[in-house]
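# Structural description and commentary
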Amino acid sequence: MSTKAAETDAWGFPQGAWHATQPAARFQQTTEEKDADRDLKWARMLHPTKGFSGVPTAVLKRRWRKGVPRGWRRAAWPELMDHGPAEFKTAAGLRQITYQSLVNSPPSSYDEVIEKDVVRTFPRHARFATAVADGGRSAGGDDEAAAISSLRRILRAYAALDKECGYCQGMNYVAGLLLLACDSASRSPNDPSASSDAADDEERCFWLLVATARGPRTRLRDLYLPSMVGCRRALYAYEAFLRKLRPKLAAHLERENVQPAMYATHWFVTVFAAQFPAPFAARAWDRFLAEGWKPVYQIGVALLAARERELLALDFEGLMGALRRLPETVDVERTLGLALRLRLKTSDVRDVEKRFGDDVKPQDL
Amino acid sequence: MLLKVVILGDSGVGKTALLNQFVNNRFSTSYKATIGADFLTKEAFCGANARSVAIDETLVTLQIWDTAGQERFQSLGVGFYRGADVCILVYDITQPKSFENLDTWRIEFLTQASPSDTQNFPFVVIANKLDRENDRRVATQRAQTWCAKNSTSILPFFETSAKAATEVEAAFRKAAQLALSQGTMQADFIPETISFRGSPANGDSKSSCC
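Being a predicted model, the structure only gives us computed values, none of them experimental.

We now examine the overall build of chain A. Helix and strand counts for chain A come out as 22 helices and zero strands. Its C-alpha radius of gyration of 20 Å places chain A within 12% of the 21 Å reference for a compact globule of 365 residues. Projected onto its principal axes, the C-alpha coordinates of chain A cover approximately 55 × 55 × 55 Å. Sequence separation of 24 or more characterises 75% of the internal contacts of chain A that already satisfy a separation of 6 or more. Of the roughly 16,600 Å² of accessible surface on chain A, a fraction of 51% belongs to carbon and sulfur atoms. Looking at chain A, you have 54 positive and 46 negative side-chain charges, and the mean spots of the two groups are 6 Å apart.

Okay, here's the thing in structure tokens:
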């Protein structure tokens, strides 16, 4: 009997308690035929050199909201962004900088914490697993899981490129999700982009991380700056939208003294990549890359709204326990469907984020 | 009775592992880096041995807050430090830097939590990863000196291994006991407040509320 018998899902994560919680009907909807049909739709829609040009926005939007097929994320994610990595490099004057030169930068003060986090990113995933924690494998040694080496190089390169930001815990999960989602091994057979290897995947992920960090719509960098201003802004906005969209629930949480910073920090710092199952995180990212922060707030509120009745009956401790277990029990389709029905306008997001700017003292920014 | 415990220390010293060992009696080789905060509770019987006065064992609920180790997470305005009854500071015996940072963590906690009595606020220091004794780079003596310097009374110090379950229970019990005796002492100072509160017989007639 093999010790590697544990079944893995389409992402390579071991089947666990969460998989068992997903309603069977949801799985039946994604039959092979339907998957093949969606795969072809994306193949027709996404041109290898011209991207999505010519595709009506309404069609594209409807499709990314249904979720980019697993095999198309590698090609689609950069194209869904307002400034994909290539345009971004040009706009930011980074064309002369090579990934290799950043990887070969001198050691930085962030190396230590990066080293600790690369082995603590998705430890249950075979590509990120360590045989034994604490020195069981040598860092960077031949026996190290390949994705750990990629993750280390990506995070070090980012810290070298963006010295003011450096490395912030949480970036490890974001880079980890990018590596898993944009892996050429899981690419659709209909994706004609040049066949590539792991090194190429790694470099693509790095530039995607840079573009997401600095892009005006996604602004991930704000989350990671030493002041973590973007994270405070996200928690502030989420709380405002919870009050607006689910006032009864928001009031209950406030009465019980449950603050967003107590349970939702990891949602925003990693845009759901740290604790949530990869199929959920990737769906959230399909919307995040294309639409920015609005869907992130909608999904945040939907996570609670989907469980409103249960949460209203709980006290502080019960609430904290239930909120902590949300990632293990999240119903992907129900939550994302509900998120779409929560009425939030882009101008609401702009207004609340502006109010945050007015509310906090300049020295806190 | 509810006691609020906050665990602080550098990234990777084993805060989550200690907590998991204490609450679930388990150790895993595959912990994920904690982002933001995490919250666990455990019920325990505990005796508050304040001075020589023995107090009966009480059932307490420990509300334990685990935290991200990277300093910048402090800027999130960690509201949950407030109202803490005890703080556990953790370092890794193989990482001198994590020991040197105890000062920063202690000051950071006192600033954010702003307890009424900063002088006597209870801390417990944990030196973790005793299972890696061969890689030790912080001498026990050095830590004991730090503990003596940073407290008016004795600051309890434990060398633990979350992996081997060495002294973990003892350290948390000590923390609970200190928190409990702290609470008891404060109650002794202001008994009137307690007997007045909510008692209609003592209601001030000048009060115009309701």
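Residue and element names in this part refer to chain A. For helix α14 (residues 247-255), every residue scored as buried is listed here: L249, A250, H252 and L253. Buried residues along α14 cover an arc of 160° about the axis, so they all sit on one side. The exposed set on the far side of α14, more than 90 degrees from its buried face, consists of K248 and R255. In the core, the buried residues of α14 are packed alongside α13 (229-245), α15 (260-263), α18 (293-305), α19 (308-312) and α20 (316-329).

With that settled, consider the packing of helix α17 (residues 278-291) of chain A against α18 of chain A. Residues and elements named next belong to chain A. Taken N-terminus to C-terminus, the directions of α17 and α18 make an angle of 145°; their axes are 7 Å apart at the nearest point. From α17, F280, A284, R287, F288 and E291 reach across to α18, where they touch W293, K294, P295, V296, Q298, I299 and L303. Its residues assigned to classes, the contact of α17 with α18 comprises eight nonpolar, one polar and three charged.

Relative to the helices and strands, Q70 of chain B resides in the loop between β5 (58-67) and β6 (86-92). Judged by its relative accessible area of 10%, Q70 of chain B falls in the buried class. Setting aside residues up to four positions removed in sequence, Q70 of chain B forms contacts with V113, Y167, C168 and Q169 of chain A together with S11 of chain B.

Residues and elements named next belong to chain A. Segmenting chain A into domains produces domain 1 (85-215) and domain 2 (229-360). On a C-alpha basis, the centroid separation for the pair domain 1 and domain 2 is 27 Å. Each partner contributes to the interface: domain 1 provides eight residues, whereas domain 2 provides eight residues. Buried area between domain 1 and domain 2, both sides added, is near 720 Å², and the carbon and sulfur share of it is 87%. Across the contact surface, domain 1 and domain 2 share zero salt bridges. Take the side of domain 1 that touches domain 2: its biggest share by element is four residues, from helix α10 (residues 171-181). Across the side of domain 1 that touches domain 2, the residue classes break down as five nonpolar, three polar and no charged.

Residues and elements named next belong to chain A. Topologically, F268 is positioned in helix α16 (residues 265-269). Once the C-alpha coordinates of F268 and E291 are considered, the two residues, 23 residues apart in sequence, prove to be 15 Å apart. Apart from the residues lying within four places of it in its own chain, the contact partners of F268 are L223, A234, L235, Y238, W293, V296 and Y297.

Residue and element names in this part refer to chain B. A large share of strand β7 (residues 123-128) lies buried, amounting to six of its six residues. Of the two faces of β7, the one lined by F123, V125 and A127 and the one lined by V124, I126 and N128 are each fully buried. The pairing of β6 with β7 spans six bridges and is classified as parallel. Along β7, the bridge assignment pairs Y91 with A127. Both β7 and strand β8 (residues 157-159) contribute to a ladder of three bridges, which runs parallel. Note on β8: the bridge partner recorded for A127 is E159. Handedness of the β-α-β unit built from β7, helix α4 (residues 140-149) and β8 comes out right-handed.

A separate point is the environment of Q21 of chain B. Residues and elements named next belong to chain B. Within the element layout of this structure, Q21 appears in helix α1 (residues 15-24). Residues Q21 and Q63 lie 42 residues apart in sequence; the distance between their C-alpha atoms is 15 Å. With residues up to four places along the chain from it excluded, the contact list for Q21 reads R26, F27, A162, K163, A165 and V168.

Turning our eyes to something else, we now look at the interface of chain B and chain A. Facing the 31 residues of chain B at the interface are 38 residues of chain A. Of the roughly 2,900 Å² buried between chain B and chain A on both sides combined, carbon and sulfur atoms contribute 56%. For the salt bridge of D38 of chain B with R324 of chain A, the shortest nitrogen-to-oxygen distance reads 2.7 Å. At the boundary of chain B with chain A, the tally comes to 16 residue pairs in polar contact (both at pLDDT 80 or more). Those elements that place two or more of their residues in the side of chain B that touches chain A are β2 (37-46) and β5 of chain B. Top element by residues in the side of chain B that touches chain A is β2 of chain B. It accounts for five residues. Across the side of chain B that touches chain A, the residue classes tally to twelve nonpolar, 14 polar and five charged.

Let us now look at the nonpolar core. Counting residues in hydrophobic clusters, the biggest one holds 158 residues, and the most contacted among them are W77, W267, W285 and L304 of chain A together with F109 of chain B. Top contributing element to this core by residue count: helix α9 (residues 146-161) of chain A, with ten residues. No fewer than three residues from each of domain 1 (85-215) and domain 2 (229-360) of chain A sit in this core. Each residue touching W77 of chain A, except ones within four places of it in the same chain, is listed here: V68, L177, L178, A181, C182, L208, A282, W285, D286 and L289 of chain A.

Reading the values: the criteria
Residues numbered from 1 in each chain as written. Chains lettered and ligands numbered in written order. Predicted model: local features only at pLDDT ≥ 70, side-chain atom pairs only at ≥ 80, totals over all residues. Heavy atoms only, no water. Helix = DSSP H or I, 4+ residues; strand = E, 2+ residues; numbered from the N terminus. Rg over C-alpha atoms; globule rule 2.2 N^0.38 Å. Contact = heavy atoms within 4.5 Å. Areas by Shrake-Rupley, 256 points an atom, 1.4 Å probe, with all protein chains shown as cover. Lys, Arg positive; Asp, Glu negative; His and termini not counted. Charge placed at Lys NZ, Arg CZ, Asp CG, Glu CD. Buried < 20%, exposed > 50% of the residue type's maximum accessible area, 1.4 Å probe, protein only. Arc of directions from axis to C-beta. Axes fitted to C-alpha atoms, helices over the stretch in contact; angles between N-to-C directions. Nonpolar A, V, L, I, M, F, W, Y, C, P; charged D, E, K, R; others polar. Domains from an automatic or database assignment. Buried area = accessible area lost by both parts, 1.4 Å probe. Salt bridge = Lys/Arg side-chain N within 4 Å of Asp/Glu carboxyl O. Pairing = 2+ DSSP bridges. Right-handed = clockwise from strand over helix to strand, strands pointing away. Polar contact = N/O pair within 3.5 Å; in protein donor to acceptor, adjacent residues only side chain to side chain. Core = buried A, V, L, I, M, F, W, Y, C linked by side-chain atoms within 4.5 Å.

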